[in-house]
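Working through the structure, step by step
Below are the chains, spelled out letter by letter.
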Amino acid sequence: MTQGSLGRNSPKKGSGFKVQGSRFPPSPTVNREPMNRESLDEIVLPRSLTVRHLADLLGITPIEVIKRLMRRGVMASINQSIDHEIAAVIASDLGRKAKFQPDESRVKSQESRVPLPDSRLSTPERSVSRLVTRPAVVTILGHVDHGKTSLLDAIRHSNVADGEVGEITQHIGAYQVAVDRQKITFIDTPGHEAFTAMRARGARVTDIAVLVIAADDGIMPQTREAIDHARSAGVPIVVAINKIDKLNADIERVKQQLAEQNLLVEDWGGDVIAIPVSAKTGEGLPDLLEYLLIVAELAELTANPDSPAAGVVLEARLDNTRGPLATLLVQRGTLKIGDTLLVASAHWGKVKAMFDHEGRLTGSAGPSVPVEIMGLSKVAFAGDTFTVVANERKARARVAEFQVEQQIRTPKSPTLDDISSQIRAGESKGLNLIIKTDVDGSIEPIRRSLERLENEDVRLRIIHSGSGTITESDVMLAIASRAIIIGFNTRPEPRASHLADSEGVEIRGYQIIYRLIEDIEKTMTGMLEPTYVEILEGHAEVRASFAVRHGKIAGCYVIDGKVSRGSLARVLRNGQSVHESSVSSLKHFKESVPEMAAGSECGIGIEGFSDFAIGDIIEFYRKEKQ
Ligand code: GDP
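Residues numbered from 1 in each chain as written. Predicted model: local features only at pLDDT ≥ 70, side-chain atom pairs only at ≥ 80, totals over all residues. Heavy atoms only, no water.

1. Some points on the overall build of the chain
If you tally the helices and strands in the chain, you get 15 helices and 30 strands. A separation of at least 24 residues holds for 71% of the contacts in the chain among residues at least 6 apart in sequence. In the structure as shown, the chain presents an accessible area of about 30,000 Å², 49% of it carried by carbon and sulfur atoms. (Helix = DSSP H or I, 4+ residues; strand = E, 2+ residues; numbered from the N terminus. Contact = heavy atoms within 4.5 Å. Areas by Shrake-Rupley, 256 points an atom, 1.4 Å probe, with all protein chains shown as cover.)

2. Brief notes about the confidence of the model for the chain
Here the chain averages 82 in pLDDT, while 85% of its residues score no lower than 70. The low-confidence segment residues 1-39, where pLDDT is below 50, has 93 contacts with residues more than four positions distant or belonging to other chains. Taken together, the stretch residues 104-129 has pLDDT below 50 and engages in 44 contacts with residues farther than four places along the chain or on a different chain. (pLDDT = per-residue confidence, 0-100.)

3. Quick word on the sheet that holds strand β11 (residues 310-319)
The six strands are arranged β11-β12-β17-β15-β14-β18 in a closed barrel whose pairing can be described as antiparallel. Neighbour-to-neighbour, the strand axes of the sheet open up by a mean angle of 45°, direction not taken into account. Sheet analysis places strand β15 (residues 347-355) next to strand β17 (residues 370-376), joined by four bridges and oriented antiparallel. Note on β17: the bridge partner recorded for alanine 353 is methionine 374. (Pairing = 2+ DSSP bridges. Axes fitted to C-alpha atoms, helices over the stretch in contact; angles between N-to-C directions.)

4. Brief notes about the pattern of salt bridges
In the structure shown here, the tally under the stated rule is 24 salt bridges. For arginine 134, the salt bridge goes to aspartate 207, with nearest N and O atoms at 2.8 Å. In this pair, arginine 134 sits in the loop between β3 (132-133) and β4 (136-142) while aspartate 207 sits in the loop between α6 (192-200) and β7 (208-214), placing the two residues 73 residues apart along the sequence. A salt bridge links aspartate 216 to lysine 246, with the nearest nitrogen and oxygen atoms 3.0 Å apart. With aspartate 216 in the loop between β7 and α7 (221-233) and lysine 246 in the loop between β8 (237-242) and α8 (251-260), this pair connects stretches of sequence that are 30 residues apart. Taking the relative accessible area as the measure of exposure, lysine 246 reaches 36% and is therefore partly exposed. Salt bridges sharing partners connect three or more residues here, namely Glu534, Arg570, Glu580 and Glu619. (Salt bridge = Lys/Arg side-chain N within 4 Å of Asp/Glu carboxyl O. Buried < 20%, exposed > 50% of the residue type's maximum accessible area, 1.4 Å probe, protein only.)

5. A few points about the packing of aromatic side chains
All told, the structure shown has two aromatic pairs when counted by the stated rule. Summarising the aromatic geometry, the rings of tyrosine 175 and phenylalanine 186 are spaced 5.6 Å apart at their centres and angled 25° between planes, so their arrangement reads as stacked. You can see tyrosine 175 sitting in strand β5 (residues 174-179) and its partner phenylalanine 186 sitting in strand β6 (residues 182-187), a full eleven residues away along the chain. Each member of the pair, tyrosine 175 together with phenylalanine 186, is buried. (Phe/Tyr/Trp six-rings, centres within 6.5 Å; stacked < 30°, edge-to-face > 60°.)

6. A closer look at helix α12 (residues 443-451)
Looking at α12, one finds that the buried residues are Ile443, Ile446, Arg447, Ser449 and Leu450. One side of α12 carries all its buried residues, which in axial view fall inside an arc of 170°. Residues of α12 that are buried sit in contact with β19 (430-437), β20 (459-467), β21 (484-488) and α15 (513-524). (Arc of directions from axis to C-beta.)

7. Here we look at unusual backbone geometry
With phi around 70°, aspartate 145 is a residue other than glycine that occupies positive phi space. With respect to the helices and strands, the residue aspartate 145 is situated in the loop between β4 and α5 (148-158).

8. Side note on the nonpolar core
Counting 52 residues, the largest nonpolar core has Leu54, Leu151, Phe186, Leu288 and Leu292 as the members making the most contacts within it. Leave out the neighbours within four places in its chain, and leucine 151 touches Ile140, Val210, Val212, Ala240, Val277, Ala279, Leu285 and Leu288. Membership of the second largest hydrophobic core comes to 22 residues, among which are Ala209, Val254, Leu263 and Val272. (Core = buried A, V, L, I, M, F, W, Y, C linked by side-chain atoms within 4.5 Å.)

9. Side note on the site of the ligand
Inspection of the region around the ligand gives 15 residues, with Asp145, Lys148, Thr149, Ser150 and Asp245 positioned closest. Between the ligand and the protein, one listed contact pairs an oxygen atom with a side-chain N or O atom of threonine 149 at 2.6 Å. A distance of 2.7 Å is found between a nitrogen atom of the ligand and a side-chain nitrogen or oxygen belonging to aspartate 245. In isolation the ligand exposes 580 Å². Once the protein is present, 71% of that is buried. It is α5 that provides the largest number of residues to the shell around the ligand, a total of three residues. (Near = heavy atom within 4 Å. Polar contact = N/O pair within 3.5 Å; in protein donor to acceptor, adjacent residues only side chain to side chain.)

10. Concerning the side chain of serine 232
Residue placement: serine 232 occurs in helix α7. Overall, serine 232 belongs to the buried group, its relative accessible area being 13%. Here serine 232 is in contact with Arg199, Arg461, Ile463, Leu477 and Ser481, once residues within four sequence places are set aside.

11. Considerations on the packing of α6 against helix α13 (residues 472-481)
With their axes 8 Å apart at the nearest point, α6 and α13 run at an angle of 35° to one another. Our pair here, α6 against α13, has a crossing hand that is left-handed. Note on element contacts: α13 touches α6 through Ser473, Met476, Leu477, Ile479, Ala480 and Ser481, opposite His192, Glu193, Thr196, Ala197, Arg199 and Ala200. Among the residues making up the contact of α6 with α13, the classes are represented as six nonpolar, four polar and two charged. (Left-handed = near helix turned anticlockwise from the far one by under 90°. Nonpolar A, V, L, I, M, F, W, Y, C, P; charged D, E, K, R; others polar.)

12. What about the sheet that holds β4?
Strand pairing in a sheet relies on backbone hydrogen bonds, with the paired strands running either antiparallel or parallel. Judged by pairing direction, the sheet is mixed, and its six strands sit side by side in the order β5-β6-β4-β7-β8-β9 without closing on themselves. Looking at strand neighbours, the two that pair on one side only are β5 and β9 (274-276), the edges of this open sheet. This sheet shows a mean twist of 30° between the axes of neighbouring strands, independent of strand direction. In this sheet, β8 lies alongside β7 in parallel orientation, the contact comprising six bridges. When the sheet's bridge partners are listed, alanine 214 is paired in β8 with asparagine 242.

13. Side note on the environment of isoleucine 187
In this fold, isoleucine 187 is placed in strand β6. The exposure class of isoleucine 187 is buried, given its relative accessible area of 7%. Through-space distance from the C-alpha of isoleucine 187 to that of leucine 314 is 8.3 Å; in sequence the pair is 127 residues apart. In contact with isoleucine 187, other than residues within four places in its own chain, are Val137, Val138, Thr139, Leu152, Gly173, Ala174, Val205 and Leu314.

14. Quick word on α7
The α-helix advances 3.6 residues per turn, and as a result positions three or four apart in sequence lie on the same side. Helix length check: α7 (13 residues) gives 19 Å between terminal C-alpha atoms against 18 Å at 1.5 Å per residue, within 8%. Listed as buried for α7 are Thr223, Glu225, Ala226, Ile227, Asp228, His229, Ala230, Ser232 and Ala233. Residues of α7 that are buried sit in contact with β4, α6, β7, β8, β20 and α13. One or two residues past the end of α7 sits glycine 234, with phi positive at roughly 70°. (Expected span 1.5 Å × (residues − 1).)

15. Quick word on the environment of serine 582
Relative to the helices and strands, serine 582 resides in strand β26 (residues 576-588). With sequence-adjacent residues up to four places away left out, serine 582 is seen in contact with Gly566, Ser567, Leu568, Ala569, Gly605, Ile606 and Glu607.

16. Remarks on the pairing of strand β25 (residues 568-573)
Where a strand is regular, its side chains alternate between the two sheet faces. Sheet topology note: the β25/β26 ladder contains six bridges and is antiparallel. Within the sheet, the bridge partner assigned to arginine 573 lies in β26 and is glutamine 576. Where β25 folds back onto β26 in an antiparallel hairpin, the turn is made up of two residues, including asparagine 574, whose phi is positive at roughly 50°.

Right, dumping it as structure tokens:
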């Protein structure tokens with residue numbers, strides 16, 4: 001975070017920080033009267049001092065106070081009491097002197113106060129950068145029916161001047177709200193499935209995940225899944241405890257459940273921001289937006305608006321009259337009408353027209369701005385990345401190059417065997433797993449046993465664990481995080497199986513914990529031997545046998561499939577295997593042939609075997625790595 005960005009982003013003194021045009025009430029009252037002259041240098045800190053109160057005394061917004069506290073390593077919410085000492089430091093940063101109220105200056109009831117970490121008192125070094133701050137891109141995640149869509153709608157509507165609300169019809173996949181002159185971009189498709197599907201296609205879109213938890217329902221399976229998905233993406237999580245208007249809302253219970261997921265909220269001594277909200281009444285929404293600004297500020301989100309634009313396709317569709325349309329999120333640079341766009345290196349187009357999230361024609365879009373564009377030659381896929389290139393010739397050349405690259409590229413998620421051999425060769429340092437079990441009770445024992453296997457050299461990350469069948473969402477997460485899926489007494493859903501096959505994600509099934517642990521242990525020491533499956537190729541029946549120089553060959557009829565020279569073979573007599581080796585010679589009349597199909601007669605030699613009997617069946621197969 002640079003001093004420059006602080007200046008640029010900071011609301012002006014006394015500007016207040018309610019959501020612009022909000023139809024909801026602003027944050028609880030803060031005296032935003034202009035300061036009188038005497039108070040400019042000195043402030044008197046009362047006995048009980050909250051963040052809001054300090055902001056008031058300093059004549060700045062609470063968000064500004066929170067930002068300054070955070071920079072000094074102090075997490076505090078708006079209504080939380082803070083230590084006088086840190087308050088004095090913040091005051092002095094702003095060129096103000098703090099006086100303590102007599103008799104009360106030394107009162108230090110520390111219980112509810114935010115402690116002051118001494119080591120952070122010095123002003124950090126700040127470097128100046130030419131990059132500009134860009135709005136945060138936020139995705140809403142959470143369990144079904146906990147209010148993700150309602151929250152997105154409420155935030156969108158909170159940001160529209162009264163009277164316009166009913167007119168908003170444009171849904172282009174993302175929208176922006178202005179909060180105290182700063183902007184936040186919200187992705188309009190909530191849920192971790194869409195979030196991870198984008199990641200699986202290589203797109204990193206989200207800067208902050210808002211985890212919605214209904215206060216009357218608490219953490220549910222999809223909440224846990226969402227937490228894992230956000231964590232695996234390395235995205236900061238802000239919790240919105242929703243539905244607090246409901247009579248049976250229990251905010252404390254949600255905080256406790258969050259702690260069980262290792263998400264410690266501020267009043268539990270952690271640094272996770274959890275804001276009670278109601279998408280129905282609008283309560284808490286201004287606070288939520290303010291905190292999103294703070295987290296964005298801490299994440300130091302910057303981009304260069306002057307470079308050629310690049311970003312991600314959020315949505316795409318074919319319009320009967322306007323042709324292929326795509327909602328793009330510009331991630332760096334500025335996209336302009338007339339730009340030549342290369343999408344996923346696979347097709348290209350020219351930006352003919354561009355619309356903002358309210359459906360207005362626009363001429364350019366900078367970093368973190370979503371726009372719908374016309375002019376692509378094909379319908380893109382959500383998650384495709386795009387770049388602006390100098391001209392059509394460059395775009396064509398790049399598409400041609402890409403097609404060649406595609407033919408040689410085999411993008412594939414690693415298998416346990418791959419990782420084992422990489423570890424053996426000293427090339428891999430980590431193993432990512434997704435664990436699905438039949439029942440909840442199996443998760444912990446497996447988790448604990450696996451965690452014990454981690455060693456200094458190889459890191460084991462359990463990206464996600466849960467009970468139930470293996471879903472498409474699990475496979476997406478595996479693609480996005482290059483993980484292997486372990487199913488314990490559970491199977492993949494057909495669609496998940498199909499996706500895993502086409503994307504090369506390994507799903508390994510186990511029925512015995514011991515075997516599962518053993519395989520992972522072997523993998524982590526580079527000792528896992530590849531497992532093979534037999535693929536049956538065909539059968540032939542022995543109808544005669546002939547002596548040749550080096551033994552005997554069988555005169556055969558190929559019953560089904562095929563026989564190939566070199567293929568693995570087993571000789572079956574009365575259903576029992578009497579010999580296993582390979583096809584050493586294959587002849588059609590006198591001629592050696594590579595392969596004979598069903599229905600043909602041929603002479604077959606079997607490596608190391610000459611004891612053919614009429615009526616023997618020879619089975620041909622090959623082995624493939626699982
Ligand atoms: P999603 O599945 O997470 O997108 O949840 P929805 O936004 O569709 O909301 C599910 C249900 O909860 C709907 O009936 C909403 O009206 C209701 N709901 C959402 N937010 C609130 C809230 O803050 N308070 C109350 N009382 N109901 C809410």
